[in-house]
Amino acid sequence: MWFLMEANGFVSGRRMSAETPGGDSGVTGTGAGAGIRWLGGGFWGVSDGIFGSLLPRVGGDADQPLQLQGTPEAADIPDPDYETLPNGASTSTHMLAGAVAGIMEHCLMYPIDCVKTRMQSLQPEPAARYRNVMDALRSIVRTEGIWRPIRGLNVTATGAGPAHALYFACYEKLKKTLGDIIHPGANSHVANGAAGCVATLLHDAMMNPAEVVKQRMQMYNSPYRSVLDCMRAVWLKEGVAAFYRSYTTQLTMNIPFQALHFMTYEYLQETLNPHRHYNPTSHMVSGALAGAVAAAATTPLDVCKTLLNTQESLALHSLNVSGHISGLTHAFRTVYRLGGVPAYFKGVQARIIYQMPSTAIAWTVYEFFKYFINQHQHAKRKAQWESEK
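Figured I'd write up the structure that's included with this text. (Residues numbered from 1 in each chain as written. Predicted model: local features only at pLDDT ≥ 70, side-chain atom pairs only at ≥ 80, totals over all residues. Heavy atoms only, no water.)

**Observations concerning the environment of Pro 149**
Thought 1: Among the structural elements, Pro 149 can be located in the loop between α5 (133-144) and α6 (153-182).
Thought 2: The exposure class of Pro 149 is buried, given its relative accessible area of 5%.
Thought 3: Filtering out sequence-adjacent residues up to four positions away, Pro 149 remains in contact with Tyr 110, Pro 111, Cys 114, Leu 137, Ile 140 and Val 141. (Helix = DSSP H or I, 4+ residues; strand = E, 2+ residues; numbered from the N terminus. Buried < 20%, exposed > 50% of the residue type's maximum accessible area, 1.4 Å probe, protein only. Contact = heavy atoms within 4.5 Å.)

**Observations regarding the nonpolar core**
Thought 1: Core analysis: the largest hydrophobic core is formed by 20 residues, its most contacted members being Ile 112, Val 115, Met 119, Tyr 130 and Val 133.
Thought 2: In terms of residue count, helix α14 (residues 348-387) provides more of this core than any other element does, seven residues in total.
Thought 3: Apart from the residues lying within four places of it in its own chain, the contact partners of Val 115 are Val 133, Ala 136, Leu 137, Ile 140 and Ala 350.
Thought 4: Within the second largest apolar cluster, 15 residues are counted, among which are Leu 316, Leu 319, Ala 331 and Ala 343. (Core = buried A, V, L, I, M, F, W, Y, C linked by side-chain atoms within 4.5 Å.)

**A few points about the pattern of salt bridges**
Thought 1: Going through the model one piece at a time under the given rule, you end up with 14 salt bridges.
Thought 2: Across the salt bridge formed by Lys 214 and Asp 113, the nearest N and O atoms sit 2.6 Å from each other. With Lys 214 in helix α7 (residues 189-218) and Asp 113 in helix α4 (residues 110-119), this residue pair connects regions lying 101 residues apart in the sequence. Here Lys 214 matches Asp 113 in class, with each residue buried.
Thought 3: As a salt-bridge pair, Glu 211 and Lys 305 come within 3.2 Å of each other at their nearest N and O atoms. Here Glu 211, found in helix α7, pairs with Lys 305, found in helix α11 (residues 299-310); they are 94 residues apart in sequence, far enough to count as distant. (Salt bridge = Lys/Arg side-chain N within 4 Å of Asp/Glu carboxyl O.)

So this is what it looks like as structure tokens:
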């Protein structure tokens, strides 16, 4: 959910302004470009007036005439490097791309996320013990109704949009600022990593309360009638601290997740897409496999996070635990006491099945936005030049 925005720095081999002469026109494949232009023509024809202010400004003020060196033809204007959004891209452009990708990722995979939460239960009710993901989905729908797997989706969507938008805007701003200081005019992995860490702090701070409510509503026999009822009950019984009980665990999980995710994605892109063209298939496959590797490796931390969020009553009663579990160390000890080492990997199958399409969707949507925004801006530049001839 909240990680794809780092792609702009980790994947890119260089930072290149869209107006820089001599750009690699091979960056965009002919077939992909035609398909995107065909798809985008109708979209922008209807909504250009709505989203026009969200598009990046390339080369400074859009009201200023485009300055071209020599006596170029319109065809000589280099195609933009899709790997990076233009340096002049507005904050709202970054926020729009990130919010759309984040909401789509979370909403499309929400039923599997519900199954993952239940399969991570350390001492589930007899009726909530499932053999695998499909068995869990069938059982939930059959016994609890068709809408049960998406219960709590509204709070996730409400949190995912602003959280991803904030993450993207913060990451892009810090990455550019730090990159200009550390390695001017080129890509800096140090700047990317630092920007990603700060952006993750903000993203998780906004998303963590939604995660708490979502996972409590996903549990079997959840006593809450609605999202507001859950928020009210948690607030009154456990206080505001309950919404951030798993915050440090979430951050601890995200750091290795991000590292594994981007290293795997980068390696696969170098293998499947060495020229870094816009290639939806390579982005989808690389994103899915990278998500699977990172998800499997960080499952123990996710199990601890789920326990901190749900405060599973049966498990706590079986150990005669009074009060609430708080802190990563306490959660790790509790998980081990309840099930030993295997307990740290409860729900690993569901987590991988959730993350593979989730990261594939996120990468594909985000890369599409990068490519399409650049192509649209490039077409506007050509039209502007031709009108000034």
